[in-house]
Amino acid sequence: MRRCLLALLLALPALVRAAPPEQQWFTVLLDGRKIGSFESTRTIADGKVETRQALDLTLDRAGVRVTLGSTETATETKAGQPIAFRSVSRLSGSESVIEGTVEGDTLRIVTRNGGAEQRRSQPWPKGALLAEGLRLAGLRAGLAPGTRYTALAFQPSSLDAPEILNIVGAPEGVDLPGGRKSLSPVEQTLAFPGVPMKMRAWVDADQTVYKLTMPVMGVELTLLACDRACATAPNQGSDVFDRTLVAAPRALSPGQLAGSVRYALVAREASKPLELPDTDEQRVERRGDTVLVTVHRKARPRGEDKPGKDDYLPNDWLQSKAPEVVALAQRAAGDARDPLVRMQRVEAFVRSFIRNKSLGVGYASALEVARNPEGDCTEHAVLVAALGRALGIATRVVDGLAYAPGFAGREQVFVPHAWAQAWIDGRWQSFDAALRGFDAGHIALSVGNGDPWRFYAGLDMLGRIEMRAAEPASAAR
């Protein structure tokens, strides 16, 4: 889940509209502490508008410093019609690149990740806009209080275009590092898959953003326009991941974790209920404001959807056809032919193969892990999933929480975690190479294909979960 949080932060460039000034700087604050800088530049030449937005952040995780950054460049006509884009994400030495060219109704895509390059095409979402197009849409709508308008905001980092609803408020004074300024607030809701993301931007008459806020794990992420010296001043750092820990109401024994455990969860924000997935290992019931989650160590078929074609195929993060990944899969499985035995061997192999259990790796694709075996739960999960697909087994990646008797000085907590699932014997079964296998101490928050941009629903729950009870299912009422 840590990977998903970082992915959301890296998506910030796509969420800030282009500004008419040639260059604009922002300081980035999390819960009032400076964690980075944001730069936006806009140039016009040869009838084209190029918008470049760069983000650099520094976060802490259990005493480990994590640096991340992203740069997005959008090329459009003066009328805001998309021409091309380039998105570069950097995290602790790992870099992924997505380039796109819009040709009529078709988007030509080139991705580079872990040294592998992939080319493909997909339909361009009709009416989708990049940075300049979104700014022009705002200009056309105007800033009269109460104005409502929608647009499709294409996200280069995730290659989708969620609808964004904008509601204009009455002008108000906003305190900025350079002084007070009268701006119009615009409430923005992005319809991301699974859960909407709400933000608030303060803009001037040219639709230049001077302030942007969005909730992240129960605290506020803020961008404030200022000069370069202010934006690039030393960061204060923030252990944002500590906020994701969920205190357990009691200790759970190995014996209890080997069976079934029922958890009573509530949302810290009553207006935003928890929405957890039902899986072959996890049953979810709602009783008023409480969500009862029963987790079984052994999967019990509950009618989950069978795997689709994509669950068997490689993607940008699970490069199951890469020679290095195929070789590791064959090495892990050995002479086993039974799918369950194969996945058990893959799980054990990945556990020993990733020798450096490092929290400092931002996020890496399966191919990167195959070439450089280090990382934490996310690196274990994507490699297990990729090796399974290389063996012809459908797999997916789960982000959620896992019980830890102790973590970063805390006792009896649930920690953001990732693991893999494989379709075996007509049901989805979990495999956790980062821990000692899957048990009833795992709570799934969202399921995806290994792409960190696809876990919005699970990310939205981080920092909002309170656990009221945890007891063996046989004793639960």
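What comes next concerns the included structure.

Cut-off values and rules
Residues numbered from 1 in each chain as written. Predicted model: local features only at pLDDT ≥ 70, side-chain atom pairs only at ≥ 80, totals over all residues. Heavy atoms only, no water. Core = buried A, V, L, I, M, F, W, Y, C linked by side-chain atoms within 4.5 Å. Buried < 20%, exposed > 50% of the residue type's maximum accessible area, 1.4 Å probe, protein only. Phe/Tyr/Trp six-rings, centres within 6.5 Å; stacked < 30°, edge-to-face > 60°. Helix = DSSP H or I, 4+ residues; strand = E, 2+ residues; numbered from the N terminus. Lys NZ or Arg CZ within 6 Å of the ring centre and 35° of its normal. Pairing = 2+ DSSP bridges. Axes fitted to C-alpha atoms, helices over the stretch in contact; angles between N-to-C directions. Contact = heavy atoms within 4.5 Å. Lys, Arg positive; Asp, Glu negative; His and termini not counted. Salt bridge = Lys/Arg side-chain N within 4 Å of Asp/Glu carboxyl O. Polar contact = N/O pair within 3.5 Å; in protein donor to acceptor, adjacent residues only side chain to side chain. Parallel < 35°, antiparallel > 145°, perpendicular 65-115°, else oblique. Nonpolar A, V, L, I, M, F, W, Y, C, P; charged D, E, K, R; others polar. Left-handed = near helix turned anticlockwise from the far one by under 90°.

## What about the nonpolar core?
Then comes step 1: Ranked by internal contacts, the top residues of the largest apolar core, which has 41 residues, are V28, I35 and L221.
Then comes step 2: V350, F353, C377 and V382 belong to the second-largest nonpolar core, a separate cluster that totals 35 residues.

## Let's talk about the packing of aromatic side chains
Then comes step 1: By the definition in use, this model includes eight aromatic pairs.
Then comes step 2: An angle of 45° between the planes, with centres 6.1 Å apart, marks the rings of W419 and F438 as tilted. With W419 in strand β22 (residues 410–424) and F438 in the loop between β23 (427–431) and β24 (442–448), this pair connects stretches of sequence that are 19 residues apart.
Then comes step 3: Overall, the relative accessible area of 1% leaves W419 in the buried class.
Then comes step 4: Classification of F438 by relative accessible area gives buried; the value is 11%.
Then comes step 5: Stacked on the ring of Y210, the Lys or Arg K181 has its end atom at 5.0 Å from the ring centre.
Then comes step 6: Lying across the ring of W428, R396 places its NZ or CZ 4.1 Å from the centre.

## Digging into the sheet that holds strand β25 (residues 465–472)
Then comes step 1: The four strands lie next to each other as β19-β20-β18-β25, forming an open sheet whose pairing is antiparallel. A strand with exactly one partner marks an edge of an open sheet, and here the two such strands are β19 (282–287) and β25. The mean angle between the axes of side-by-side strands here comes to 20°, regardless of whether they run parallel or antiparallel.
Then comes step 2: Here strand β18 (residues 260–267) runs beside β25; their pairing, made up of seven bridges, is antiparallel. Bridging across to β25, Y263 finds its partner in A470.

## Let's talk about the environment of A469
Then comes step 1: Within the secondary structure layout, A469 lies in strand β25.
Then comes step 2: C-alpha of A469 to C-alpha of A264: the two residues are 205 residues apart in sequence and 5.0 Å apart in space.
Then comes step 3: Setting aside its immediate chain neighbours within four residues, A469 contacts P249, R262, Y263 and A264.

## Notes on the environment of G463
Then comes step 1: Here G463 lies in the loop between α10 (456–461) and β25.
Then comes step 2: In this structure, the C-alpha to C-alpha distance between G463 and R243, residues 220 residues apart in sequence, is 5.6 Å.

## Considering the side chain of R262
Then comes step 1: Checked against the element boundaries, R262 lands in strand β18.
Then comes step 2: Buried and unpaired, R262 has E285 as its nearest opposite-charge partner, separated by 4.2 Å.
Then comes step 3: Of the polar contacts made by the side chain of R262, one reaches the side chain of T294; its length is 3.0 Å.

## A look at the packing of helix α6 (residues 323–333) against helix α9 (residues 377–390)
Then comes step 1: Between α6 and α9, the least distance of the axes is 9 Å, while the angle of their chain directions is 85°. If you check the angle between α6 and α9, you find them roughly perpendicular. Between α6 and α9, the contacting residues are V325, V326, L328 and A329 on the first element and A386, L387 and A390 on the second.
Then comes step 2: Broken down by class, the residue content of the contact of α6 with α9 amounts to seven nonpolar, no polar and no charged.

## What about the packing of α6 against helix α7 (residues 339–353)?
Then comes step 1: The interhelical angle for the contact between α6 and α7, taken along N-to-C directions, is 110°, at an axis separation of 8 Å. It follows from the interaxial angle that α6 and α7 lie roughly perpendicular. Between α6 and α7 lies a crossing whose hand is right-handed. Touching L328, R331, A332 and A333 of α6 are R342, R345, V346, F349 and F353, all from α7.

## Quick word on the environment of L401
Then comes step 1: Tracing the backbone shows L401 in strand β21 (residues 395–407).
Then comes step 2: For L401, a relative accessible area of 2% puts it in the buried group.
Then comes step 3: Counting along the chain gives 157 residues from L401 to T244, while the straight-line C-alpha distance between them is 9.3 Å.
Then comes step 4: Setting aside its immediate chain neighbours within four residues, L401 contacts T244, V246, F414, V415, P416, H417, W419, G441, H442, I443, L445 and I465.

## With respect to the pattern of salt bridges
Then comes step 1: Per the counting criterion, the structure on display carries 20 salt bridges.
Then comes step 2: R200 is the salt-bridge partner of E172, the closest N and O atoms lying 3.8 Å from each other. In this pair, E172 is assigned in strand β12 (residues 172–176) and R200 in strand β14 (residues 197–203), connecting sequence segments 28 residues apart.
Then comes step 3: The class of E172 is partly exposed, set by a relative accessible area of 28%.
Then comes step 4: Measuring nitrogen to oxygen at the nearest pair gives 2.9 Å for the salt bridge that ties D175 to R180.
Then comes step 5: By relative accessible area, which is 59% here, R180 ends up exposed.
Then comes step 6: When salt bridges that share partners are traced, they join R86, E99, R112, E117 and R119 into one network.

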